[in-house]
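One-letter residues, chain by chain:
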There are 2 protein chains.
Amino acid sequence: MNFFSSTFKLGILGGGQLGKMLLYDTRKFDIYTSVLDSSNEAPSKVACNEFHLGDLMDYDAVYNFGKQVDVLTFEIENVNVNALEALEKEGVKVYPSSKTLKTIQNKGKQKLFYRDHDIPTAEFSRFAYASEILDAINNGGLKFPFVWKSAQFGYDGNGVKIIRTESDLKDLPNVECITEEMIPFKNELAVIVARNSNGEVATYPVVEMEFHPEANQVEYVICPARIDKKVAEKATGIALKVSQAFNHVGLLAVEMFQTKDDEILVNEVAPRPHNSGHHTIESSYTSQFEQHLRAILNLPLGKTDSKVGGIMVNLVGAEGYTGNVVYKNIEDIMKMPGVTPHIYGKKQTRPFRKMGHVTIVNEDLNEARRIAEEVKNTIKVICE
Amino acid sequence: MNFFSSTFKLGILGGGQLGKMLLYDTRKFDIYTSVLDSSNEAPSKVACNEFHLGDLMDYDAVYNFGKQVDVLTFEIENVNVNALEALEKEGVKVYPSSKTLKTIQNKGKQKLFYRDHDIPTAEFSRFAYASEILDAINNGGLKFPFVWKSAQFGYDGNGVKIIRTESDLKDLPNVECITEEMIPFKNELAVIVARNSNGEVATYPVVEMEFHPEANQVEYVICPARIDKKVAEKATGIALKVSQAFNHVGLLAVEMFQTKDDEILVNEVAPRPHNSGHHTIESSYTSQFEQHLRAILNLPLGKTDSKVGGIMVNLVGAEGYTGNVVYKNIEDIMKMPGVTPHIYGKKQTRPFRKMGHVTIVNEDLNEARRIAEEVKNTIKVICE
């Protein structure tokens, strides 16, 4: 198949910010693209060749869309996986595959997969309903505190809760879920692994998620992680092991904990371009988006080294503001050296909504970190 | 004016490859864009919010288009400058200005401008018609060899000819033109200067155009130029002087000759993103396209340092092939480290047509140069 030919068509399920950034790089290669999304205001609508309206969880919408393309990928995990399976049977190349996605979509299955493949991960229990958790506690099978996660559709921090007392249980939705032991970690790390269908594999440098000391929220994604070389090698090795187990095609972002004893435990994975890889647009020889394209089109993978140190800050809606978005002080951050804002194009802001991100690159990572803090303290996502 | 607001509209005259690459970066900032081009197959059609069909040399087409936008820019010099003047009078911000463009559009005026502003440039004569050149030769006012240039619409190597004998004169179009003394130069250099309407100025590192030893065609654009620091400083100083003389807003690419005696002579300028700056997408902290946007939107200018060494190779149609384009061996060049092809999206190739470019980046410029040669010897732009 000639991906640069005029008859080739790449389908993308989801028209959000990840799809939009992926589309920048399809333009570079002049690849014909078609996007399916349920919103007429989808950020990537303007950057694709064809845009189709449809529900990503609807079998017919996904199936009919997929029948019109040569290669199908997705920028969000919440898509109808049965439709993907049917498409694969009929010869459409779906990357990552329905099999990979099925395992990842359900957090219980994902945890079992790690156990089956001897991949280190936090201890866990599975529950068909949240209401069963109390029985487990009463039987002595589960001890406070622990982490509760919805098995499905937990995304971007939704569907995750720390449970410290019985009263924390009462507001949980009564759905399939898992509980995990709380890991007192030193660092949260991530490695993005790319793999094409020839089996060529490339890993990006380990990144570190730096948390706000009080709010317990990720404030900065830092590349490379400020950790021992040995720990970085261990994390990369485990990410590769996860990649081999999935045998995925495309990107796989592997999020991990570095424990107090420098053990590495896999937290969860995403089979697509990932927030922890946004810095690559500016910092790496090959952006994660170009790499995802190379992987799913079975092209040779690009060099994953960093040109310079990179730090990413998410732009989220400030508390107390809901309405037409305004990026206050954006011009002030653009004065700072090596600072590039990425605005996703969502018209409405609300508290904690992801509206964009800012990358800070510098030869000196400490200097980048200093500027990143200045960026964080300067720009505010508010409304008119 | 809030450029990130939903009511702001940026107009771009021309929908070619430069406009397309400029549009990548408008997406990054989520700027609403409208493009005017005479071809329904214009490469940037897919990447803008609005596309309008119209002749860029037609007063009404440009005027009516310009009335609908807040800031108007262009990716090609051949646009109706009278329409730009009228729009400026009515409050549309046109960057670069009609005044800058008017001087640049006519090579005779451009040369006079250099002379008036004490900017070093090759000796020249102006002619209302090419037929007058012979008189000048016969009068002893002009000596072979010299360079003939059409005063208007000379673009991408068209409208330029080296005249060695009287017989070379006979095929020239009988239009307004200039003749220039032939400069036996050591190097052809270029510096891109960015300026916003606040008067903030930034210069990119000096680049070098390396010529094929026999074909006398530019083969590689190399950043930074492999020249003495003193020569680089001189070239940058002269580029800044040209920028100050024009008082332009936006980018100004200044092409210069380094003579055998290390004199610097200005050859010509382009008031827009330029072929000599394509490498910045991968090599610089700020791509020339993002910088042009920052400049015309009066945003702070980005850092112009290089992250790594960069080399650009143009992808032009191979001789003997006219038809539906095929990029032969593109997968082979994508295997090489730090190599990124940019395909412009033109469906038809013909000999020497610019179909794309390839950037090679590496920490070691010599290694980049070695890989660039491999790229050049591998990929071929042919047809089905």
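Residues numbered from 1 in each chain as written. Chains lettered and ligands numbered in written order. Predicted model: local features only at pLDDT ≥ 70, side-chain atom pairs only at ≥ 80, totals over all residues. Heavy atoms only, no water.

## Section: the overall build of chain A
Condition: Only DSSP runs of H or I covering at least 4 residues are called helices, and only runs of E covering at least 2 are called strands; the numbering of each starts at the N terminus. Radius of gyration here is computed from C-alpha atoms only, and the compact-globule reference equals 2.2 Å multiplied by the residue count raised to the power 0.38. Three exposure classes are used, based on accessible area relative to the maximum for each residue type with a 1.4 Å probe and protein chains only: buried under 20%, partly exposed in between, and exposed over 50%. Each accessible area value is a Shrake-Rupley result obtained with a 1.4 Å probe; residue values ignore everything except the protein chains displayed when judging cover. His residues and chain termini do not enter the charge count, which takes Lys and Arg as positive and Asp and Glu as negative. Charge positions come from single atoms, namely NZ of Lys, CZ of Arg, CG of Asp or CD of Glu.
When helices and strands are counted, chain A shows 11 helices and 21 strands. Taken over C-alpha atoms, the radius of gyration comes to 21 Å for chain A, in line with the 21 Å a tight globule of 384 residues would show. If one aligns the C-alpha atoms of chain A with their principal axes, the spans along those axes are about 65 × 50 × 45 Å. Across the 384 residues of chain A, 60% fall into the buried class. Accessible surface, chain A as shown: approximately 15200 Å² in total, 46% of it carbon and sulfur. When the 43 basic and 51 acidic side-chain charges of chain A are each reduced to a single mean position, those positions are 1 Å apart.

## Structural notes on the UniProt feature "binding site: ATP" (unreviewed entry) in chain A
Residues and elements named next belong to chain A. For clarity, the threshold we go by: UniProt positions are given in the numbering used here, feature names are shortened, and annotations may be inferred rather than shown by experiment. Should any heavy atoms of two residues lie within 4.5 Å, those residues are counted as being in contact.
Within the UniProt annotation, "binding site: ATP" (unreviewed entry) is assigned to K107, K149, E180, E181, M182, I183, E188, N267 and E268. With respect to the helices, strands and loops of the structure, K149 is situated in strand β7 (residues 146-150). Beyond its immediate sequence surroundings of up to four residues, K149 is in contact with K107, G159, V160, C177, I178, E180, N267 and E268. Relative to the elements of secondary structure, I183 occurs in the loop between β9 (177-181) and β10 (185-195). According to the relative accessible area criterion, I183 is buried, its value standing at 14%. Those residues in contact with I183 that sit more than four places away from it in its chain are A122, F257, T259 and L265.

## Re the interface of chain B and chain A
How big an interface is tends to be stated in terms of accessible area lost as the parts join. The condition is simple: Summed over both partners, buried area is the accessible surface (1.4 Å probe) that two parts give up on being assembled. We count a salt bridge whenever a side-chain nitrogen from Lys or Arg sits within 4 Å of a carboxyl oxygen from Asp or Glu. Here a polar contact is recorded for every N or O atom pair within 3.5 Å, except that within protein the pair must consist of a potential hydrogen donor and a potential acceptor, and residues adjacent in sequence are included only if both atoms are side-chain atoms.
With 40 residues of chain B in contact, the opposing surface of chain A contributes 40 residues. At the boundary of chain B with chain A, total buried surface from both sides reaches about 3700 Å², with 60% on carbon and sulfur atoms. The interface formed by chain B and chain A includes two salt bridges. One salt bridge in this structure joins K347 of chain A and D30 of chain B, with 3.2 Å as the shortest N-O distance. Between chain B and chain A we count 16 residue pairs in polar contact (both at pLDDT 80 or more) in total.

## Regarding the sheet that holds strand β3 (residues 50-53) of chain B
All names here are of chain B. For clarity, the cut-off: Criterion used throughout: strands pair if DSSP finds at least two bridges between them.
An order of β3-β2-β1-β4-β5 is seen for the five strands of this open sheet, with the pairing classed as parallel. With one partner strand each, in any of the chains shown, β3 and β5 (93-94) form the two edges of the open sheet. The sheet contact formed by strand β1 (residues 10-13) and strand β2 (residues 33-37) spans four bridges and is parallel. Of the residues in β2, the one forming a bridge with G11 is S34.

## Let's talk about the relation of the copies chain B and chain A
Here is the rule we go by: Here the copies are matched by least squares. The fit uses the C-alpha atoms of residues with pLDDT of at least 70 in both.
In screw terms, the move from chain B to chain A is a rotation of 180° and a rise of 0.0 Å along the axis, fitting with an RMSD of 0.0 Å. Taken together, these values place the two copies in the relation of a two-fold axis. Among all residues of chain B, the minimum C-alpha distance to the rotation axis is found for A47 of chain B, at 2.5 Å. An overlap of 100% is found between the interface residues of chain B and their copies at the interface of chain A, pointing to a shared contact surface.

## With respect to the domain arrangement of chain A
Residue and element names in this part refer to chain A. Selection rule: For each domain, the first and last residues come from an automatic or database assignment. Residue classes follow a fixed rule: Ala, Val, Leu, Ile, Met, Phe, Trp, Tyr, Cys and Pro count as nonpolar, while Asp, Glu, Lys and Arg count as charged, and any other residue, Gly among them, counts as polar.
When cut into domains, chain A gives domain 1 (10-94), domain 2 (123-181) and domain 3 (185-383). Placing the centre of domain 1 and that of domain 3 at their C-alpha centroids yields a distance of 23 Å. Each partner contributes residues to the interface: domain 1 has 19 residues there, and domain 3 has 21 residues. Taken together, both faces of the contact between domain 1 and domain 3 bury some 1700 Å²; the carbon and sulfur share is 68%. When the area that domain 1 buries against domain 3 is broken down by residue, the three leading residues are Q17, L18 and M21, summing to 29%. Applying the counting criterion to the domain 1 and domain 3 interface returns two salt bridges. Notably, a salt bridge pairs E77 with R272, separated by 2.8 Å at the nearest N-O pair. Of all the elements in the fold, those that place two or more residues in the side of domain 1 that touches domain 3 are α1 (17-29) and β4 (71-74). In terms of residue count, the dominant contributor to the side of domain 1 that touches domain 3 is α1 (nine residues). Residue classes in the side of domain 1 that touches domain 3 are distributed as 10 nonpolar, three polar and six charged.

## Notes on the sheet that holds strand β21 (residues 380-383) of chain B
Residues and elements named next belong to chain B. In space, the three strands of this open sheet follow the order β19-β17-β21, with antiparallel pairing throughout. Two strands in the sheet have a free side with no partner beyond their single neighbour: β19 (348-349) and β21. As defined by bridge partners, strand β17 (residues 323-328) adjoins β19 across two bridges and the pair is classed as antiparallel. Across the sheet, the residue bridging to N324 is Q348, located in β19.

## A short note on the side chain of Q105 of chain A
All names here are of chain A. In this fold, Q105 is placed in helix α4 (residues 98-105). By relative accessible area, which is 13% here, Q105 ends up buried. Here V79 takes part through its backbone oxygen, which lies 3.0 Å from a polar atom of the side chain of Q105. Residues contacting Q105, with those up to four places away along its chain left out, are E77, N78, V79, V81, A151, Q152 and F153.

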